[in-house]
Structure formats: structure tokens, C-alpha cells
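# Observations on chain architecture
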Amino acid sequence: MKLHEIAHSRTGDKGNISNISLIVYKPEDYERVKAAVTPERVKQYFSSIVTGKVVRYELPNLHALNFVMHGALGGGVTRSIALDAHGKSLASALMNMEIS
Amino acid sequence: MKTIRIGTGAGYSGDRIEPAVELAEKGGIGYLVFECLAERTIAIAQQARLANPDMGYDALMVDRLRAVLPACRKNGVRIITNMGAANPLAAGRKAVEVAKEMGFTGIKVATVSGDEVRTLVISENLRLDDSGKPAAEMAEAIVSANAYLGARPIAEALGQGADIVITGRVADPSLFLAPMLHEFGWSDTDWEKLGKGTVVGHLMECAGQVTGGYYADPGVKDVPGLGHLGFPIAEVDETGGAVITKVAEAGGMVTTDTCKEQILYELHDPHAYKTPDVTADFSGVRFIQEGPDRVRVEGANGRERPETLKVSVGYKDGFHGEGQISYAGPGAVARGRLALDVVAERLETVGLKADEIRYDLIGINSLHGEGLSQGGDPYEVRVRVIARTRDKRNATLVGNEVETLYTNGPACGGGAAKSVKEIVAMDSTLVPRAAVNPHVDMLEA
């Protein structure tokens, strides 16, 4: 299934860094998503866009993960020639990820 | 226990105007905060100020003040805003003028200045974080450098009786923390309370993004009344306890899920959210749905503030030249791809010099590239070619070569558009706190 079925997400931008939240609707899905959506997998998933490291922070109180992706915004929001220079739509790409 | 109510009147410079009026009229608020200063906005405002010393503040400030002042005066609502942008003093004078024109007298307008540090950044030759370049090397290109100020100068202005406080660059959450400092007498080293107030500010600073805006996903996350979305209200008590809510009849909703999306927005390490006031710790935050459209925020904390202040630096960085054209019906994608190939050949023929160039098919791959896009043939596609160039002449070539597809390219291309924009890029650096001296000026209508 796609992450979209069990979780929601929002992207934020600062300079050339994008952060994507991953928030599960049901607390019981948190551990499963945590095991499946590793920073390594997210780095691989966004390899065509993200040039730097991906750091994952865990927020168990919120049943959420926060992925901080360095070098994700084409040199920064203000320089980028991407249509979505802020990378605001990247959360939707994450929602398209398949998990078992 | 003493409690104050703070509303958000705008979450970015172009935001809707009516929600602030609704808050001033029906929100039962004491403070209305307009956050209107994105990173780049101040650099563009600085250019406006250089062209005219009376300009350089937010273009919508007058409209916003005209809209909210009647209800603010009637209900005793004080206004805090960073709409001063690159020229808080001129903005303050304009605000006084607007108040007088509307027949309001005795209004005290405070301005907070001192964030401007361009000369310091260049003379100290500070290294910029993203480009890695020393500022002196870029001196000619640098149009602005502004340090992020904290909540204290705004709280001082409120202490002096200001009805309206207008600032330049201030950290967004600090705009909201300021009335808490003023009303509750929190000290500058009460890290836990400053951390709690900063979390509230962070939740509030993007206005509708915590009340169901930027959240709707039909069938999965439905939001009522997006067309008349209400902006948020924070009820904060003197211990830093807080509830996020909205005007009952306004559209949108406040739920634990809307709050979760917003607390993680533009957050990096949840243990260390740095502002000029505090290093806030978001890691222990919990949200509790207390009632309809009422979410309690618990568990925030804070530690000692950073010794340095972040500075955002705006610099001229060449041009973006862009062209677009659309194709529809059978073979639309193939014609779009052919168009991109033709433009690439043409730009080589005319000798385009570009630092970076990008060929997109909107509808196919423009947002996430071929790797993440799912394929499938849409009914229509839009060709988009864009380059970053050093000069305007090269930038102009890009749009021109897309436009010539009308008579020279694949069949039935329509709706061509082209543009050339000068780029003001943003970078950042740090300055010692002691090098920045915020000050408050008071005017009266």
C-alpha cells in the first residue's frame, strides 16, 4: 500500500534544505512506518532530487517522523529553476511511496 | 490565572485580508500579529528603499491597516507586524498618516529598527553559509543583510504603550512571544516559558496553515469552508499553557492533526529550534483535542538561547529566463517532447550561455523529475524551459526560442509565455549578539 493510506505529510523549506514530515493517523502504525521508512530509504527514493544527507528525527508523542533533506532545493529556494522551487510538493512524492 | 488571546492576521505578505478583520471583530483577541516578511521579501524591499527613501515597507500594509483599524480601535486590539520590512520608520510614519486619515487620534505607533547589518557583514568579511564565499568578495552584489531580532524590543514597545508595533526582520515566532513577555513579565532567561511561547508562535506564524489551510486532501483529509478559512487564535496563560482555536463561524478546523502538520513545518532538529530568544525544544510536545476546534499544546521546553544572531543576506545572482507553451489531444506528450528537443538545439545554435538549464513537461515530470513521476499520457502538457544566466541578454534567448515554436515547432502549440527576472538570492551568516543594537522609536497619530 501507499503511505498516503495511513499517513499525512507537509514539506517545509529553509535555504537549500527541505524537511518532510510523516505523520501516521493511527498510533498503532507508528512502529511499522518507523521500521519501513528509514532515512536510507528516503535518501534512495529522492536520489534524483536530493544531493546531500537525509537525517531522520523521531517524534513519538506526535506519532511522526521528520526527514531533513540537505541539498534538496536546487541550490536554494531563491536560486532554484525548479517549477516548485520551495519543494512544497515533495510531501506528495513521499505519500506515493509503497510500504508492505 | 492571567490569559491573553493572540490572533494571526496574515501568514505571508500576500495573504488574505478578511480573516484579520474577522479576528479583530469577533476573535476576542488582545493582539493581532501580521507575519508578512519572507526571506527574500526584505531584499526586494531594500531595493525599493534605495530607489525611494520613503518606501521599502510592505506593499499591502496600508490596505491591511485600513481594513482592521476600525475593529482594532473599537475592541482594544494591539497590532504587531514585520511589515516595516526594509524601512520600519517610513512604515511607522505611513501608519500614523493612515490612522489620521481615518479619524483615529491618540494612536501610538512604535517602530523597531536595528536589524540592518549590511555594512557590518561586509566590513567583517563574514563567510556566507550556503555559497561559502566571504562577504567582501560579494560586496557589490549584496543588496541587503538583516539580523533576526527577538521578542524583547517589541515587548519594550508594548511596555511604552504602543498600539501598533512595526518591525523589520524579526524571527517569526518572536512576533508572538513579544506580547507574552509584556503581559506576563517573563524574564529573558526563563527558558522553559520562552520555549513554550516559541512553540505557540511557530504554530501561529503561518496563519491558516494551522486552521486547516494547506491541509485538505479530499476523501482523506476533508476541511470545511476553505473559501472562508479562519485564521488562528492562541489562548496563552502566564505559565505558557496554550490552546489553539479559531472564531467559531469561520471556515477551516483546528485538530490535533492540523497542529501536527504545522509544528513540523520548517522544523529541523525538534530538540533545538533556535530563535534569537531561546533554543526551543519541541520534542516533548503533545496535542490534546479539548473541544471542537480547540487543541491544547503541552510539553514544550527550552534551553539557553544561541549567542549569535542569524543574518539573512540578499544578493543579486543573475537572471532567470523562461518560456512555456502547451500541447493537447492525441500525441500531446510526443509533441511536447519534440518541442523540448527543438528548443535545446536552438539554444545551442544561438549560443546560450547559462549556469543551469532545465527542460520540463508540466503534467509529466515538472515537479519531481522522471525518476519519481508515474508516466501515463495526460490530455494536455505544457512545455517549460528555464535557465539561470549571468546576464539579461542570455536570459531573454530562452523565452524567445520557446515562443518561436509557434511558427517553427510541432503542430498546434498554444498559449506561449515568456519571462525574464532578475534574481535576488538569499544566503545566511551569523553575527555576535553584541554587534546588533535594536531600538524603538515612538510616533503618535
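Fair warning: this is a prediction, and the values are worked out from it, not measured in the lab.

The rules we used
Residues numbered from 1 in each chain as written. Chains lettered and ligands numbered in written order. Predicted model: local features only at pLDDT ≥ 70, side-chain atom pairs only at ≥ 80, totals over all residues. Heavy atoms only, no water. Helix = DSSP H or I, 4+ residues; strand = E, 2+ residues; numbered from the N terminus. Rg over C-alpha atoms; globule rule 2.2 N^0.38 Å. Buried < 20%, exposed > 50% of the residue type's maximum accessible area, 1.4 Å probe, protein only. Contact = heavy atoms within 4.5 Å. Areas by Shrake-Rupley, 256 points an atom, 1.4 Å probe, with all protein chains shown as cover. Lys, Arg positive; Asp, Glu negative; His and termini not counted. Charge placed at Lys NZ, Arg CZ, Asp CG, Glu CD. Pairing = 2+ DSSP bridges. Axes fitted to C-alpha atoms, helices over the stretch in contact; angles between N-to-C directions. Parallel < 35°, antiparallel > 145°, perpendicular 65-115°, else oblique. Left-handed = near helix turned anticlockwise from the far one by under 90°. 1 Å grid on protein atoms, 1.4 Å probe; cavity = no way out; pocket = protein on both sides within 12 Å on 5 of 7 lines; lining within 4 Å. Points joined across faces, edges and corners; volume = space filled by probe spheres on them. Nonpolar A, V, L, I, M, F, W, Y, C, P; charged D, E, K, R; others polar. Phe/Tyr/Trp six-rings, centres within 6.5 Å; stacked < 30°, edge-to-face > 60°. Lys NZ or Arg CZ within 6 Å of the ring centre and 35° of its normal. Buried area = accessible area lost by both parts, 1.4 Å probe. Salt bridge = Lys/Arg side-chain N within 4 Å of Asp/Glu carboxyl O. Domains from an automatic or database assignment. Polar contact = N/O pair within 3.5 Å; in protein donor to acceptor, adjacent residues only side chain to side chain.

## Examining the overall build of chain A
Regarding its fold elements, chain A presents 3 helices and 5 strands. Tracing chain A from N to C terminus, the helices and strands come up as β-β-β-α-α-β-β-α. Against the 2.2 N^0.38 benchmark of 13 Å for 100 residues, chain A shows a C-alpha radius of gyration of 13 Å, consistent with a compact globule. Based on the C-alpha atoms only, the size of chain A along its principal axes is roughly 40 × 25 × 20 Å. Residues classed as buried in chain A amount to 56% of the 100 residues present. Within chain A, residue pairs in contact and separated by at least 24 positions form 58% of the contacts whose partners lie at least 6 positions apart. As displayed, chain A has an accessible area near 3800 Å², and 54% of this comes from carbon and sulfur atoms. Each charge sign in chain A was given a centre, from 12 positive and 9 negative side chains, and these centres are 7 Å apart.

## What to know about the side chain of B:Ser144
As for its placement among the helices and strands, B:Ser144 is situated in strand β5 (residues 142-147). Apart from residues lying up to four places away in sequence, B:Ser144 is in contact with B:Ala43, B:Gln46, B:Arg118, B:Ser312, B:Val313 and B:Gly314.

## Observations regarding the sheet that holds strand β7 (residues 233-237) of chain B
Within a sheet, neighbouring strands are paired by backbone hydrogen bonds and run either parallel or antiparallel to one another. Residues and elements named next belong to chain B. Spatial ordering of the open sheet is given by β11-β12-β8-β7-β1-β2-β3-β6-β4-β18, a layout of 10 strands whose pairing is mixed. For this open sheet the edge positions go to β11 (286-291) and β18 (439-444), each flanked by a neighbour on one side alone. Between one strand axis and the next, the sheet turns through 25° on average, direction left out of account. Sheet analysis places strand β2 (residues 31-34) next to strand β3 (residues 78-81), joined by 4 bridges and oriented parallel. Each bridged residue has a counterpart across the sheet, and for Val-33 the counterpart in β3 is Ile-80. Each of β11 and β12 (294-298) touches helix α9 (residues 256-263); the most contacted strand, β11, lies at about 150° to it.

## Overview of the packing of helix α3 (residues 61-75) of chain B against helix α4 (residues 88-101) of chain B
All names here are of chain B. Closest axis-to-axis distance for the α3/α4 pair is 10 Å, and the angle between their directions is 40°. Relative to α4, the element α3 is oriented oblique. In terms of crossing hand, the pair formed by α3 and α4 is right-handed. Touching Met-61, Val-62, Leu-65, Arg-66 and Leu-69 of α3 are Ala-91, Lys-94, Ala-95, Val-98, Ala-99 and Glu-101, all from α4.

## Here we look at the environment of B:Leu158
Residues and elements named next belong to chain B. Positionally, Leu-158 belongs in helix α6 (residues 152-159). Between the alpha carbons of Leu-158 and Glu-97 there is a distance of 20 Å; along the sequence they are 61 residues apart. Residues within four places of Leu-158 in sequence aside, it is in contact with Tyr-31, Arg-78, Ile-80, Val-165, Ala-178, Pro-179 and His-182.

## Re the layout of surface pockets
Considering only enclosed or pocket space, the second largest pocket measures out at about 460 Å³ in volume. If you trace the second largest pocket, you find 25 residues lining it, with A:Ser48, A:Ile49, A:Gly74, A:Ala82 and B:Arg358 closest to the centre. Sorting the residues of the lining of the second largest pocket by element identifies β15 (356-362) and α11 (369-372) of chain B as the ones contributing at least two each. Split into classes, the residues belonging to the lining of the second largest pocket amount to 9 nonpolar, 11 polar and 5 charged.

## Thoughts on the packing of aromatic side chains
Applying the stated criterion across every chain, the model contains 3 aromatic pairs over all chains. The interplanar angle of 90° and the centroid separation of 5.2 Å between the aromatic rings of A:Tyr45 and A:Phe46 together place this pair among those described as edge-to-face. Here A:Tyr45 falls in the partly exposed class, since its relative accessible area comes to 21%. On the numbers, 5.4 Å between centres and 40° between planes, the contact of B:Phe184 with B:Trp186 is tilted. In this pair, the class of B:Phe184 matches that of B:Trp186, namely buried. Sitting over the face of the ring of B:Tyr214, A:Lys88 holds its NZ or CZ atom 5.2 Å from the ring centroid.

## Thoughts on unusual backbone geometry
Residues and elements named next belong to chain B. In this model, Asn-125 sits at a positive phi of 50°, which is unusual for a non-glycine residue. With respect to the helices and strands, the residue Asn-125 is situated in the loop between α5 (118-123) and β5. A positive phi angle, near 55°, is found at Glu-266, a position not held by glycine. Residue Glu-266 is classed as buried on the basis of its relative accessible area, which comes to 16%.

## Focus on the interface of chain A and chain B
With 39 residues of chain A at the contact, the number on the chain B side is 49 residues. At the boundary of chain A with chain B, total buried surface from both sides reaches about 3900 Å², with 55% on carbon and sulfur atoms. On the chain A side of the contact with chain B, A:Arg10, A:Thr78 and A:Ile81 bury the most area, a combined 23% of that side's loss. Joining chain A to chain B, the criterion identifies 2 salt bridges. With its nearest N and O atoms 3.0 Å apart, the salt bridge here joins A:Arg10 to B:Glu261. Where the side of chain A that touches chain B is concerned, the elements lending two or more residues are β2 (11-14), β3 (17-24), β4 (54-59), β5 (64-70) and α3 (90-95) of chain A. Class assignment for the residues of the side of chain A that touches chain B results in 16 nonpolar, 17 polar and 6 charged.

## Examining the domain arrangement of chain B
All names here are of chain B. Assigned domains of chain B: these are domain 1 (3-114 + 149-306) and domain 2 (313-428). On a C-alpha basis, the centres of domain 1 and domain 2 stand 38 Å from each other. Both sides together, the interface formed by domain 1 and domain 2 hides about 420 Å², and carbon and sulfur atoms give 65% of it. When the buried surface of domain 1 facing domain 2 is broken down by residue, Glu-39, Arg-40 and Gln-47 rank first, second and third, together holding 75% of it. Put simply, domain 1 and domain 2 have 0 salt bridges between them. Linking domain 1 to domain 2 there are 0 residue pairs in polar contact (both at pLDDT 80 or more). Classifying every residue of the side of domain 1 that touches domain 2 by side-chain character gives 1 nonpolar, 1 polar and 2 charged.

## Let's talk about the environment of B:Pro224
Residue and element names in this part refer to chain B. As for its position among the elements, Pro-224 is in the loop between α8 (191-204) and β7. By relative accessible area, Pro-224 is classed as partly exposed at 47%. Considered as a pair, Pro-224 and Gly-212 are 12 residues apart in the sequence and their alpha carbons are 8.4 Å apart. Beyond its immediate chain neighbours, meaning those up to four positions away, Pro-224 contacts Gly-251, Gly-252 and Met-253.

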